[in-house]
Amino acid sequence: MTSAEIQSKIREYDPAADVELIDNAYEFSEAVHRGQTRMSGEAYFTHPIAVADILADMKMDVPTIVTGLLHDTVEDTLTTPEEISARFGTEIGALVDGVTKISKLEADSREAVEAESLRKMFLASARDIRVLLVKLADRYHNIKTLGHLPEDRRKRIAQETLDVYAPLAHRLGVYWLKLEYEEAAFRTLWPDEYKEVRQQLALHKLERDGYIAEITTLLGKRLREAGLDPEVSGRPKSAFSIHNKMKDQGLRSDDVYDVVAFRIQVDRERDCYDALGIVHTNWRPVPGRFRDYIALPKANMYQSLHTTVIGPYGERMEIQIRTREMHRACEYGIAAHWRYKTSEDREGGDAERFAWLEQLLDWQHNVEDPREFLSTVKQHLFAEEVHVFTPKGEAETFPQGATVIDFAYRIHSDIGDHCTGARVNGQLVPVRYQLQAGDTIEVITTDEQSPSREWLKFVTTPRARQRIMVWLKHDERAKAMTVGRKIIERDLARYQLDMARLRRDGRMATMLRHFRKETEDDLLEAIGYGRITPSQVIVHLLPDQAAREAKVPRRLKRLFGLISRQRKPAVTVQGAEETVIRFGKCCQPLPGEAIVGFLTRGRGVTVHSRDCQRIEGVDRERVVEASWEKGATAARPVKIEVRSRDRPGVLAGMSQAIASAGVNIDKAYVRTTADGGAFNVFEVTLESADELVHVTRNLRRVPGVREVRRVRT
């Protein structure tokens, strides 16, 4: 692809475009990438050319396509952001910077670096959506060319694409990209299942093509008889969507019949409803399968009518009805509507298309850990949606699974804090009730109600979670201060001291400076959580007395039970040398795994795995760094879940795989599933993360094994 060919594409949809920058960026990118190659052996420059070409196919503006040509220059060459801005202007400089990963970030893991890079990209996209469109094009070319990468890297990229980029394409309404991402990820992550579905589709291709031709002709005839001018088409569903249906409904590939979807395009919005009436007049609709996304568009402003009917042969037919303009929006999403001239151009209906992205600017102020930020994005931003109504009839959109608490916090923080339940369609429901499409919600509050940590287990919206965390943090700080006051007053009394005396003689102010605390409340909170121990306070206030006590013979300390006889934990917790250390039973951290400590009021530090769900959403100020001592071992019970095919010899192979790692099976649970698979859980005792890696690697090599993962309680 030459610069002239890219310019020719641009002129087809924008004859007035200034394409001179394309030549400059093409030559600059080719020069700085010269000598670099991809894993396939191709010149690296083929990648930015491909990205620019994809963006031109999406009919993007010149600055976006130039960014496609330059998007890897800062990350992979000696080019600086300042040089890009000087050569191509601040607009393109900002776009390139937004796409550039944070490759040199100092972090404790690769996951943290990747999460922070994605966070940076999201925030840049909230300011200029073109950053995200360039990144989507970049990922599209990368996932189409995974073949030359090592298997573990291929799977990691494919999983990230499925978790992040496919939902992003869906949010932006670029559905062709979403389908491409899902198919490529499916092919990489589950090759056996992909091959099975594709073979089944190929087996019935002639029959399916004939069915599509027959139904599209019949639909067109019925609609034209009613005076409409329709364009009717049919297409097979994607292999990935068929795979998901098999999993959800426990079907085999040859049991999935409705693998074809039909689409009707008409001229006007009113024609969509006329067409719907004609379809329902000729074929019986399936109850509960009608969706009106014209009256209630999705968050990405997708519009269409969806219905499912019983077709001519008694099989279900899924039909989408939309105008031709709606269809163009569905193909290219936000890329088809976003204008890049002035801020005034961005106001109105188009701005609603990315209002969800603006929320990221607010969330990033409240979430410091980049991994927690990314987890929030995955869980809450990409969920399917439901439309509900206030008692006044105002429509509100929520992610699927949202509850009464989410609705209450959407109205006002005070209403959320004091919510005790709701009337939904006139019926009383509890706070954890999940909102259903079309519900009318009336929140019930009482002054006595307050947020509970239990709420964090079922709320889904970031706003609700944030407000609950704010309240809990304030409440827990007050409780920690109370505990800290009791602890320090008890110890001070042993030396005829009290808080009032320390304030009078100025020693309180000195102590605050020593422990780097701004207020007395901050000091009490730190004591309550164990960040500062009473002995540290006494050493500071009475150094001579503390020194005398330190000389007490060890045999007397043992006599009075002042030294613990327990074995010292094989971990080091930052700033908690004198604190009791426990291990979380929820995650059973293994030596070698990444761990963190969690300060508990009056109970010392509990050590958790860094990815433990109990740590997600907690007050980050109570999380402290922790690490295993060199060579540490500790026996831990571990559950390993294995999903496999239900075939003779697979269970024996899995048992042998575990035994060959030098590990005994304590318990095992096996059951078959409706899709011809088996669900297996093995309970074993392991002493390190290396042993876990060895066991899981052996299990993945067993023929017929589909998925292996550790299960935490």
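Calculation rules
- Residues numbered from 1 in each chain as written.
- Predicted model: local features only at pLDDT ≥ 70, side-chain atom pairs only at ≥ 80, totals over all residues.
- Heavy atoms only, no water.
- Axes fitted to C-alpha atoms, helices over the stretch in contact; angles between N-to-C directions.
- Helix = DSSP H or I, 4+ residues; strand = E, 2+ residues; numbered from the N terminus.
- Parallel < 35°, antiparallel > 145°, perpendicular 65-115°, else oblique.
- Contact = heavy atoms within 4.5 Å.
- Nonpolar A, V, L, I, M, F, W, Y, C, P; charged D, E, K, R; others polar.
- Salt bridge = Lys/Arg side-chain N within 4 Å of Asp/Glu carboxyl O.
- Buried < 20%, exposed > 50% of the residue type's maximum accessible area, 1.4 Å probe, protein only.
- Phe/Tyr/Trp six-rings, centres within 6.5 Å; stacked < 30°, edge-to-face > 60°.
- Lys NZ or Arg CZ within 6 Å of the ring centre and 35° of its normal.
- Pairing = 2+ DSSP bridges.
- pLDDT = per-residue confidence, 0-100.
- Patch = residues over 30% accessible without salt bridge, like charges linked within 9 Å, V, L, I, M, F, W, Y side chains within 5 Å.
- Areas by Shrake-Rupley, 256 points an atom, 1.4 Å probe, with all protein chains shown as cover.
- Lys, Arg positive; Asp, Glu negative; His and termini not counted.
- Charge placed at Lys NZ, Arg CZ, Asp CG, Glu CD.
- Expected span 1.5 Å × (residues − 1).
- Bend = angle between axes of the 7 residues up to and from the residue.
- Disulfide = S-S within 2.5 Å.
- Polar contact = N/O pair within 3.5 Å; in protein donor to acceptor, adjacent residues only side chain to side chain.

Looking at the packing of helix α22 (residues 462-493) against helix α25 (residues 520-529)
Part 1 of the reasoning: Where α22 meets α25, the axes come as close as 7 Å, and the angle between the chain directions of the two elements is 80°. When the axis of α22 is compared with that of α25, the two are roughly perpendicular. Of the residues in α25, those in contact with E476, R477, A480, M481, V483, G484, R485, I487 and I488 of α22 are E520, D521, D522, L524, E525, I527, G528 and Y529.
Part 2 of the reasoning: Looking at side-chain class alone, the contact of α22 with α25 contains 8 nonpolar, 2 polar and 7 charged residues.

Structural notes on the pattern of salt bridges
Part 1 of the reasoning: Enumeration according to the criterion identifies 35 salt bridges in this entry.
Part 2 of the reasoning: Linking K9 and D57 is a salt bridge whose minimum nitrogen-to-oxygen distance equals 2.7 Å. Within this pair, whereas K9 is found in helix α1 (residues 3-13), its partner D57 is found in helix α3 (residues 46-57), the two being separated by 48 residues in sequence.
Part 3 of the reasoning: Judged by relative accessible area, which is 23%, K9 ranks as partly exposed.
Part 4 of the reasoning: With a relative accessible area of 36%, D57 lands in the partly exposed category.
Part 5 of the reasoning: Where D522 meets R477, a salt bridge forms, and the shortest distance between an N and an O atom there is 3.0 Å. Here D522, found in helix α25, pairs with R477, found in helix α22; they are 45 residues apart in sequence, far enough to count as distant.
Part 6 of the reasoning: By sharing partners, the salt bridges in this structure join K9, D53 and D57 into a single network.

Some remarks on the packing of aromatic side chains
Part 1 of the reasoning: Taken as a whole and judged by the stated rule, the model has 13 aromatic pairs.
Part 2 of the reasoning: Taking the centre distance of 5.4 Å and the plane angle of 85° together, the rings of Y140 and W176 count as edge-to-face. Pair noted here: Y140 is in helix α9 (residues 130-144) and W176 is in helix α11 (residues 175-189), with a separation of 36 residues, a long-range link.
Part 3 of the reasoning: Across the ring face of F398, the terminal group of R410 is positioned such that the distance to the ring centre comes to 4.1 Å.
Part 4 of the reasoning: Directly above the aromatic system of F583 lies the positively charged group of R636, at a separation of 4.5 Å from the ring centroid.

Description of the sheet that holds strand β3 (residues 291-292)
Part 1 of the reasoning: One open sheet holds the 5 strands; their spatial order is β1-β2-β5-β4-β3, and the pairing between them is mixed. Edge positions in the open sheet fall to β1 (231-236) and β3, since each of these has one partner strand only.
Part 2 of the reasoning: As judged from the 6 bridges shared by strand β2 (residues 260-266) and strand β5 (residues 316-323), these two strands associate in the parallel manner. Counterpart to A261 in the pairing with β5 is E318.
Part 3 of the reasoning: Packed onto the sheet, helix α13 (residues 205-225) meets β1, β2 and β5 and runs at close to 155° relative to β1.

Considerations on the confidence of the model for the protein
Part 1 of the reasoning: Mean pLDDT over the protein: 82, with 82% of residues reaching 70 or higher.
Part 2 of the reasoning: For the stretch residues 103-107, pLDDT sits under 50, and the model shows 5 contacts to residues farther than four places along the chain or on other chains.

Observations regarding unusual backbone geometry
Part 1 of the reasoning: One non-glycine residue, N425, lies in positive phi territory at about 55°.
Part 2 of the reasoning: Residue classification places N425 among the partly exposed positions, given a relative accessible area of 48%.
Part 3 of the reasoning: A positive phi is found at Q588, a non-glycine position, where the angle reads about 45°.

Describing a negative patch on the surface
Part 1 of the reasoning: Together, D18, E20, D23 and E27 give the surface a local cluster of negative charge.
Part 2 of the reasoning: Take E27: it is sitting in helix α2 (residues 20-32).

Observations concerning the sheet that holds strand β17 (residues 665-672)
The strands making up a sheet associate through hydrogen bonds between their backbones, and the pairing can be parallel or antiparallel.
Part 1 of the reasoning: The strand order across the open sheet built from 4 strands is β17-β18-β16-β19, with neighbouring strands paired in antiparallel fashion. Of all the strands in the sheet, the pair left with one neighbour each is β17 and β19 (705-711). The average angle at which neighbouring strand axes cross in this sheet is 15°, direction not considered.
Part 2 of the reasoning: Here 6 bridges tie strand β16 (residues 636-645) to β19, and the two strands are oriented antiparallel to one another. Among the inter-strand pairings, I640 is bridged to a residue of β19, identified as R710.
Part 3 of the reasoning: The strands that helix α29 (residues 650-659) touches are β16, β17, β18 (677-686) and β19; relative to β18, the one it contacts most, it runs at about 20°.
Part 4 of the reasoning: Across the face of the sheet, helix α30 (residues 689-700) comes into contact with β16, β18 and β19 while running at roughly 160° to β19.

Topic: the environment of M511
Part 1 of the reasoning: Locating M511 in the fold gives a position in helix α24 (residues 507-514).
Part 2 of the reasoning: Using a relative accessible area of 2% as the deciding quantity, one classes M511 as buried.
Part 3 of the reasoning: Considering only alpha carbons, one finds M511 and H540, 29 residues apart in sequence, at a separation of 7.5 Å.
Part 4 of the reasoning: Discounting residues that sit within four places of it in the chain, M511 has contacts with L502, L523, V537, H540 and L541.

Comments concerning the environment of Y165
Part 1 of the reasoning: Among the structural elements, Y165 can be located in helix α10 (residues 151-171).
Part 2 of the reasoning: As for Y165 and L136, which are separated by 29 residues in sequence, their C-alpha atoms are 6.9 Å apart.
Part 3 of the reasoning: Setting aside residues no more than four positions away along its own chain, Y165 makes contact with L118, M121, K135, L136, R139, E160 and Y181.

Quick notes on the pairing of strand β7 (residues 395-399)
Part 1 of the reasoning: Bridging between strand β6 (residues 385-389) and β7 involves 5 bridges; their strand directions are antiparallel. Among the inter-strand pairings, H387 is bridged to a residue of β7, identified as T397.
Part 2 of the reasoning: Between β6 and β7, which pair antiparallel one after the other, the connecting turn spans 5 residues, and G393 there sits at a positive phi close to 90°.

Some points on α10
Part 1 of the reasoning: Given a rise of 1.5 Å per residue, 21 residues ought to cover 30 Å, and the 29 Å separating the end C-alpha atoms of α10 matches this to within 8%.
Part 2 of the reasoning: At T161, α10 shows its largest kink, close to 40°.
Part 3 of the reasoning: Backbone geometry just after α10 places G173 at a positive phi near 80°.

What to know about the state of the cysteines
Part 1 of the reasoning: Scanning the model with the defined rule gives 0 disulfides in all.
Part 2 of the reasoning: Here C586 is not cross-linked by a disulfide; its sulfur's nearest cysteine counterpart is in C612, at 3.5 Å.

Digging into the pairing of β2
Two faces make up the sheet, and in a regular strand the side chains alternate between them.
Part 1 of the reasoning: Within β2, 7 of the 7 residues are buried, which leaves the element mostly enclosed by the surrounding structure.
Part 2 of the reasoning: Going residue by residue along β2, you find V260, F262, I264 and V266 tucked away on one face and A261, R263 and Q265 tucked away on the opposite face as well.
Part 3 of the reasoning: As judged from the 6 bridges shared by β1 and β2, these two strands associate in the antiparallel manner. Bridged to E231 within β2 is Q265.

Comments concerning the side chain of H141
Part 1 of the reasoning: Relative to the helices and strands, H141 resides in helix α9.
Part 2 of the reasoning: Residue classification places H141 among the buried residues on the basis of a relative accessible area of 15%.
Part 3 of the reasoning: Polar contacts involving the side chain of H141 include one to the side chain of H47, which spans 2.8 Å.
Part 4 of the reasoning: Once you skip the residues sitting within four places of it in the chain, H141 turns out to touch R38, T46, H47, A50 and I54.

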